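Survey of secondary and tertiary structure
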Amino acid sequence: MNESVLFRGMRHFSHMTAVAAYAGLMMLMLILLPVSAQAAKLSAPKNFHMEEVDDRYFMLSWDAVKGADGYRVTVGRDINNPNYQMYTSSTSIWDTYEFGEHMEYRVCAYKDKTDADGNAYHKFGIKSKVIVIEKMLQAPEITYANSAGMNSIKLKWNLVPGARTYRVYRAEEAKGEYQLIAEPDASSEGNSIIFTDKNLETGKAWYYRVTACDAYATNPESVPSKTVCCAAGPKIPEPSAVSGGKDRILLTWKKISNVDGYQILRSESKSGEYKSIKTIEDNTVTAFTNKNLTTGKTYYYKMRSYKLVDGEKLYSWESPVVSTKALCGAVTISKITAVSGSEATLTWSESKDASGYMIYRSQSKDSGFKKVKTVKSAKTLSATVGGLVNGETYYFKVRPYRTVDGKNSGGDYSPVKSRLMNRLGYWDESYQDKCKRLWGTDYYKDYSSATEAKKHMKTISIKVWDINSKGSKYTRTMYLQVHEKLAETVQQIFKEIYEGKEKFPIHDVGGYSWRGDNSSSEHCEGLAIDINPDENAMINRETGQVLAGSFYKPGKNPYSIPADGDVVKAFAKYGFYWGDWGWKVDYMHFSYFGT
């Protein structure tokens, strides 16, 4: 008899026999299920990775593990002998860098369990991969190396985050043996560390490197800075060169004390032969004009200072090379005026021999400049540039140019001048700046009476959308009084609301309103605006009671202001707050100071 037949024949067993058979099956299941569950561990967290937040903080995160109640993050210099553990129900943690430290991180999921005695414990799953994090100290950057006298050299380098001390190394040759000569601490002069190496042989060249240190770190010393070379003796001049006109170049430098004069050398190529063209026997002279040059040709210059020792000139090392073309004199930007929320007018000095001027703009002081306008007249000394954003700061420089053989050759750039576009209010304008805009003070100025307040109000007209009896939108002109110093800002706000895709309808709007001598309302100063007050009620947030107006039904009533619509965005863009005072919210109300 085959097995299938036997299985079918079980239906004819007695009830007791059948129960016994099924009981045996059940017992097998009871034995197998716990064994299966016990063998199934929580999986290792996947996508375990690190994201740097800034120089000090980083975040570790991973994907959630199905069935996990939480996670354990193990941390240590050696993950097999951890320093500490962190427990979290989240799938990410924040931690701080320790400069120079080597730290290892690993995460695993856990399930909360209770043993036979009722004691709670964590049952851990499979461990993740190990992430190693090393935040090494940066190498210092030596920003200055020059003679500090006949027997000393002055070095300056930038502060390194996390460094407690620095080490200065010196050698007699660039590839020679560098000896540790000093360990200055992290006390600074502004953002730099200053060190002076003294008692040196006059005129002898020395090579220097600097490292950053933290004695408490696993890796206490950074890699060395780039090597610099310098000699004790007369200080090296630091010249700059600008065009002084079509046939001349102006060199300038700072006065050097304790020297007797300067020597100027010139070449027609950067790596060519430099010949002396002028010796200045007066250390108080700080400028020299090189004349009778070829227009549009680049000239290269070096300088040396000297000191008379026993009647002989002891020269400093040569300065870095500076160069420019003889084209037209540099200019200076005298004024930048915001003429609207998106336009500014620049005014600058005239450049001799210029054919015109090029205007450059950036939102960074030191980089990213792009030409935004060319003025094709040497006598035109102002220009308006557009495409600006109200509330943003812009940096400008002007470059004169001269047309030589049909080509425009740019001269030297003017010094950079900046302008905050603040003709109109803007979203992150500070409290003090708002007060200065309105009253020229650092504080809020309440008007003592309606008579005084009205002196500072201005009536403006605004175009708005409304809805006619047929349900169609149409344009109407409305009028309201606001503070005179905010009039242009408010007009721009309503202009953007009117031009917005939403075409938000307005049938009632109010600005200045004297609320009494003791009122604190911004309406008294013309700094608050109410829009459609019936449909944008003031409501007690806790009870839902309507305190002013009738109702607030955005999405249902077209006159109710949606939180993410054109009206709220336009007011916020220009520094206004939507009425929200904790226990009550005023949906009709927009104010400059948020009260």
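The structure presented is a predicted model; accordingly, all values stated were derived computationally and were not measured.

Focus: the overall build of the protein chain
Of regular secondary structure, the protein chain possesses 6 helices and 39 strands. Taking 595 residues into account, the globule formula puts the C-alpha radius of gyration at 25 Å, and the protein chain, at 38 Å, lies well above it. Expressed as lengths along the three principal axes of its C-alpha atoms, the size of the protein chain is roughly 130 × 80 × 55 Å. When burial is assessed residue by residue, the protein chain has 40% of its 595 residues classed as buried. In the protein chain, of all internal contacts separated by at least 6 residues, the share reaching a separation of at least 24 is 62%. Taken as a whole, the protein chain presents about 32600 Å² of accessible surface, with 48% of it coming from carbon and sulfur. Averaged over its 79 positive side-chain charges, the protein chain has a centre that lies 7 Å from the centre of its 68 negative ones.

With respect to a nonpolar patch on the surface
There is a patch of nonpolar side chains on the surface, built from Val53, Tyr57 and Trp94 and spanning about 320 Å² of accessible area. Inspection of the secondary structure puts Trp94 in strand E5 (residues 92-96). Given a relative accessible area of 52%, Trp94 falls into the exposed group.

Some details on the environment of Ile142
Checked against the element boundaries, Ile142 lands in strand E9 (residues 142-149). Between the C-alpha atoms of Ile142 and Pro554, which are 412 residues apart in sequence, the distance is 61 Å. Each residue touching Ile142, except ones within four places of it in the same chain, is listed here: Lys156, Trp157, Tyr208, Val210, Ser225, Lys226 and Val228.

Description of the confidence of the model for the protein chain
Chain-level statistics for the protein chain give a pLDDT mean of 90 and a share of 92% at 70 or above. Here residues 1-39 is modelled with pLDDT under 50, and outside its nearest four sequence neighbours on either side it reaches 4 contacts, counting other chains as well.

Digging into the sheet that holds strand E28 (residues 382-385)
In spatial order, the strands read E24-E25-E28; together these 3 strands make up an open sheet with antiparallel pairing. The open sheet terminates on both sides in strands that have one partner only, identified here as strand E24 (333-338) and E28. Here the average twist between neighbouring strands, direction ignored, is 20 degrees. Bridge count between E24 and strand E25 (residues 344-348): 5 bridges; the pairing is antiparallel. Counterpart to Ile333 in the pairing with E25 is Trp348.

A closer look at the side chain of Ser267
Within the secondary structure layout, Ser267 lies in strand E18 (residues 261-267). Owing to a relative accessible area of 4%, Ser267 belongs among the buried residues under this scheme. In this view, Ser267 contacts Gly272, Glu273, Tyr274, Tyr299 and Tyr300; residues no more than four positions away in its chain are not counted.

Some words on the nonpolar core
The tendency in soluble globular proteins is for nonpolar side chains to be buried side by side. In this structure, Phe494, Val509, Ile529, Ile531 and Phe571 are the most contacted members of the largest nonpolar core, which totals 36 residues. Listed by contribution, the elements that provide at least two residues to this core are helix H3 (431-439), strand E32 (457-467), strand E33 (473-483), helix H5 (487-499), strand E35 (528-531) and helix H6 (566-573). Top element by residues in this core is H5. It accounts for 5 residues. If sequence neighbours within four positions are ignored, Ile529 has contacts with Leu480, Val482, Val490, Phe494, Val509, Gly510, Gly511, His523, Phe571, Met588, His589 and Phe590. Core analysis: the second largest hydrophobic core is formed by 22 residues, Cys328, Ile336, Trp348 and Ala383 among them.

Remarks on H5
A rise of 1.5 Å per residue sets the reference length of H5, with its 13 residues, at 18 Å; its end C-alpha atoms lie 18 Å apart and thus fit the reference within 8%. Of all the residues in H5, the buried ones are Ala487, Thr489, Val490, Ile493, Phe494, Ile497 and Tyr498. Buried residues along H5 sit against E32, E33, strand E34 (509-510), E35 and H6.

Regarding the environment of Pro45
You can see Pro45 is positioned in the loop between helix H2 (15-39) and strand E1 (49-52). With a relative accessible area of 6%, Pro45 lands in the buried category. In sequence terms Pro45 and Phe99 are 54 residues apart; their C-alpha atoms lie 28 Å from each other. Each residue touching Pro45, except ones within four places of it in the same chain, is listed here: Trp62, Asp63, Val65, Val107, Cys108, Ala109, Ile126 and Ser128.

Points about the sheet that holds E5
Strand order in the open sheet formed by 3 strands is E1-E2-E5, with antiparallel pairing between adjacent strands. Strands with a single pairing partner mark the edges of an open sheet, and in this sheet they are E1 and E5. Averaged over neighbouring strand pairs, the angle between their axes works out to 25 degrees when direction is ignored. As paired elements, E1 and strand E2 (residues 57-61) share 4 bridges and run antiparallel to each other. Following the sheet pairing, Met50 is matched in E2 by Leu60.

Details of the packing of H5 against H6
Relative placement of two packed helices is described by the angle separating their axes and the distance separating the axes. Put simply, H5 and H6 touch, their axes get as near as 9 Å, and they point 150 degrees apart. Taken as axis vectors, H5 and H6 run roughly antiparallel relative to one another. For the crossing formed where H5 meets H6, the hand is right-handed. Here Ile493, Phe494, Glu496 and Ile497 of H5 come into contact with H6, specifically with Asp566, Val567, Ala570, Phe571 and Lys573. Here the residues of the contact of H5 with H6 sort into 6 nonpolar, no polar and 3 charged.

As for the pairing of strand E6 (residues 102-114)
Both strand E3 (residues 70-76) and E6 contribute to a ladder of 7 bridges, which runs antiparallel. If you follow Val73 over to E6, its bridge partner there is Val107. Where E6 lies against strand E7 (residues 120-124), 5 bridges are found, and the strand directions are antiparallel. From the neighbouring strand, Lys111 faces E7, where its bridge partner is Lys123. Between E6 and E7, which pair antiparallel and follow one another directly, the connecting turn spans 5 residues, one of which, Gly118, has a positive phi of 85 degrees.

Some points on the packing of aromatic side chains
Aromatic ring pairs: the centre-centre distance and the angle between the two ring planes describe each pair. Counted according to the given criterion, the structure contains 23 aromatic pairs. On the numbers, 4.9 Å between centres and 65 degrees between planes, the contact of Trp439 with Tyr444 is edge-to-face. Three or more aromatic residues link up through ring pairs in this structure, and these residues are Tyr431, Trp439, Tyr444, Phe494, Tyr552, Phe571, Phe576, Trp578, Tyr587, Phe590, Tyr592 and Phe593. Here the guanidinium or amino end of Arg170 rests over the ring plane of Trp206, the centre of that ring lying 4.4 Å away. One cation-aromatic arrangement involves Lys434 over Phe593; the distance from NZ or CZ to the ring centre is 5.9 Å.

Each value, and the rule that gives it
- Counting from 1, residues in each chain are numbered in the order their sequence is written.
- Thresholds applied to this predicted model are a pLDDT of at least 70 for local features of residues and 80 or more for the giving and counting of side-chain atom pairs; totals over whole chains, interfaces and linings are not thresholded and use all residues.
- Heavy atoms from the whole structure form the basis of all side-chain values; hydrogens and water molecules are not counted.
- Helix and strand assignments follow DSSP, with helices taken as H or I runs no shorter than four residues and strands as E runs no shorter than two, numbered in order from the N terminus.
- Radius of gyration: C-alpha atoms only; globule rule: 2.2 Å multiplied by the number of residues to the exponent 0.38.
- Working definition: with a 1.4 Å probe on protein chains only, accessible area under 20% of the residue-type maximum means buried, over 50% means exposed, and in between means partly exposed.
- In what follows, residue pairs with any heavy atoms lying within 4.5 Å of each other are defined as contacts.
- Computed with a 1.4 Å probe, the accessible areas rest on the Shrake-Rupley method; for each residue, only the protein chains presented here act as cover.
- All tallies of charge rest on Lys and Arg as positive and Asp and Glu as negative; His and the ends of each chain are not included.
- In this description, the location of a charge corresponds to atom NZ of lysine, CZ of arginine, CG of aspartate or CD of glutamate.
- Surface patches are defined over residues having more than 30% relative accessible area and no salt bridge, joining like charges when they lie within 9 Å and nonpolar side chains (Val, Leu, Ile, Met, Phe, Trp, Tyr) when within 5 Å.
- Whenever Lys or Arg places a side-chain nitrogen within 4 Å of a carboxyl oxygen from Asp or Glu, that contact is recorded as a salt bridge.
- The predictor's confidence in any single residue is recorded as pLDDT, a number from 0 to 100.
- Whether two strands pair depends on DSSP finding at least two bridges between them.
- Angles here are taken between N-to-C directions and fall from 0 to 180 degrees, while the axes themselves are lines fitted to C-alpha atoms, restricted in helices to the stretch in contact.
- To form a nonpolar core, buried Ala, Val, Leu, Ile, Met, Phe, Trp, Tyr and Cys residues must be joined to one another through side-chain atoms within 4.5 Å.
- Here a helix's expected span is defined as the number of its residues, less one, multiplied by 1.5 Å.
- Throughout this description, any angle smaller than 35 degrees is read as roughly parallel, any larger than 145 degrees as roughly antiparallel, any in the 65 to 115 degree range as roughly perpendicular, and the remainder as oblique.
- Crossings are classed by handedness, with left-handed meaning an anticlockwise turn of the near helix from the far one by less than a right angle and right-handed meaning a clockwise turn.
- Under the scheme applied, nonpolar residues are Ala, Val, Leu, Ile, Met, Phe, Trp, Tyr, Cys and Pro; charged residues are Asp, Glu, Lys and Arg; polar residues are all the others, including Gly.
- Two aromatic rings, drawn from Phe, Tyr or Trp (for Trp, its six-membered ring), form a pair once their centres lie within 6.5 Å of each other, and the interplanar angle then sorts them: stacked below 30 degrees, edge-to-face above 60, tilted otherwise.
- Ring-over charges, as used throughout, are those where CZ of Arg or NZ of Lys falls within 6 Å of the ring centre and within 35 degrees of the ring normal.

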